[in-house]
Structure formats: structure tokens, C-alpha cells
Amino acid sequence: MKKILSTEKAPAAIGPYSQGVVVNNTVYTSGQLPMNPETKVLETEIKEATKRSIENCKAILEEAGTSLDKVFKTTVFVKDLNDFSKVNEVYGEYFNENPPARSCVQVAKLPMDAPVEIEMIAII
């Protein structure tokens, strides 16, 4: 069974995709840009951007009935790998015990020229 997730507590999709999907008690979030869902303002400072992207993922997970402590895999896309330590600093505040598996890759460009995009996979 596939359930489409949608919440006003995370930015609306900017293309033909869902904010998240639940399949067999597993939640997959789409990559979340660091956009404030209320103001539609994109965070550009890397620490604030990382926090906003995680908070957006968190909102989608909560819409599915789960939470960050149920996340088992994340993917972090950064515009500049030199920001790796700053991303880790903020990321570690959210995942300080039993952190999920993670990939972090530098990409040539992200939508809206964002500095970071994060996606998560969690169980319900």
C-alpha cells in the first residue's frame, strides 16, 4: 500500500512529486530544501539551512506518524563540501545518539540554488 504525504508544515513540492510517501510502514521523504514553509524564504547560511531542511523532513515524518528517532537512512546533498563540518555540527544536534546511516555528496547545483537538500527514510 502506498500513501502520499502532504503537510503545510513543510514546503509544498515545486515539481511533480510528493513531499513524502509511506510504503509498507516505511516513510520516504523527498529531498527538502531549506525553505520556510510559512514565509517561503530560502535559508542560505549553511547552518540555518541545514536546520531548516531537517525541520522540514521532521514535519513530513510527523505527518506520517513517526519521528526523527525512527530514521535509519539520510542523504545530504551540499553545494559546497567545504560546508561539511558545519552541516555535521547541526546534524549532530538532531542525531546525537544512534545516528542513522548517511550519505553526503557535493552536487553541482540544487533547485533554487539552495546550499543543502536533505532526504530521509524512516520506519513507522
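Asker: Any chance you could explain the sheet that holds strand β6 (residues 116-123) here in plain terms?
Answerer: Hydrogen bonds between backbone groups are what pair the strands of a sheet, and the pairing can be parallel or antiparallel. Across the sheet, which stays open at both edges, the six strands sit in the order β1-β2-β3-β6-β4-β5 with mixed pairing between neighbours. A strand with exactly one partner marks an edge of an open sheet, and here the two such strands are β1 (2-5) and β5 (101-106). Going from strand to strand, the sheet's axes swing by 15° on average, the running direction of each strand aside.

Asker: Whenever I open this one, the packing of aromatic side chains confuses me. Can you help?
Answerer: Centre distance and the angle of the planes are the two values used to describe a pair of aromatic rings. Taken as a whole, this structure holds one aromatic pair when the rule is applied. Relative to Phe95, the ring of Tyr91 has its centre 4.8 Å away and its plane inclined at 40°; by these criteria the two rings are tilted. Looking at Phe95, the relative accessible area reads 8%, which means it is buried. The cationic tip of Arg102 hangs over the ring face of Tyr91; the distance from NZ or CZ to the ring centre is 4.6 Å.

Asker: Just checking my understanding: could you explain the packing of helix α1 (residues 46-63) against helix α2 (residues 84-94) for this structure?
Answerer: Running from N to C, α1 and α2 cross one another at 35°; their axes reach a closest spacing of 8 Å. In terms of crossing hand, the pair formed by α1 and α2 is right-handed. Residue-level contacts link Ile46, Lys47, Thr50, Lys51, Ile54 and Glu55 of α1 to Lys86, Val87, Glu89, Val90, Tyr91 and Tyr94 of α2. Within the contact of α1 with α2, the residues separate by chemical class into six nonpolar, one polar and five charged.

Asker: What should I look at first to understand the pattern of salt bridges in this one?
Answerer: Any two side chains of opposite charge can pair if their charged atoms end up close together. Per the stated rule, a full pass over the model turns up two salt bridges. With a shortest N-O distance of 3.0 Å, Lys47 and Glu89 are connected by a salt bridge. Of the two residues, Lys47 is situated in helix α1 and Glu89 in helix α2; the sequence distance between them amounts to 42 residues. When its relative accessible area of 29% is taken as the criterion, Lys47 is described as partly exposed. The class of Glu89 is partly exposed, set by a relative accessible area of 42%. For Lys79, the salt bridge identified is with Asp113, shortest N-O distance 3.4 Å.

Conventions adopted
- Residues numbered from 1 in each chain as written.
- Predicted model: local features only at pLDDT ≥ 70, side-chain atom pairs only at ≥ 80, totals over all residues.
- Heavy atoms only, no water.
- Pairing = 2+ DSSP bridges.
- Helix = DSSP H or I, 4+ residues; strand = E, 2+ residues; numbered from the N terminus.
- Axes fitted to C-alpha atoms, helices over the stretch in contact; angles between N-to-C directions.
- Phe/Tyr/Trp six-rings, centres within 6.5 Å; stacked < 30°, edge-to-face > 60°.
- Buried < 20%, exposed > 50% of the residue type's maximum accessible area, 1.4 Å probe, protein only.
- Lys NZ or Arg CZ within 6 Å of the ring centre and 35° of its normal.
- Left-handed = near helix turned anticlockwise from the far one by under 90°.
- Contact = heavy atoms within 4.5 Å.
- Nonpolar A, V, L, I, M, F, W, Y, C, P; charged D, E, K, R; others polar.
- Salt bridge = Lys/Arg side-chain N within 4 Å of Asp/Glu carboxyl O.

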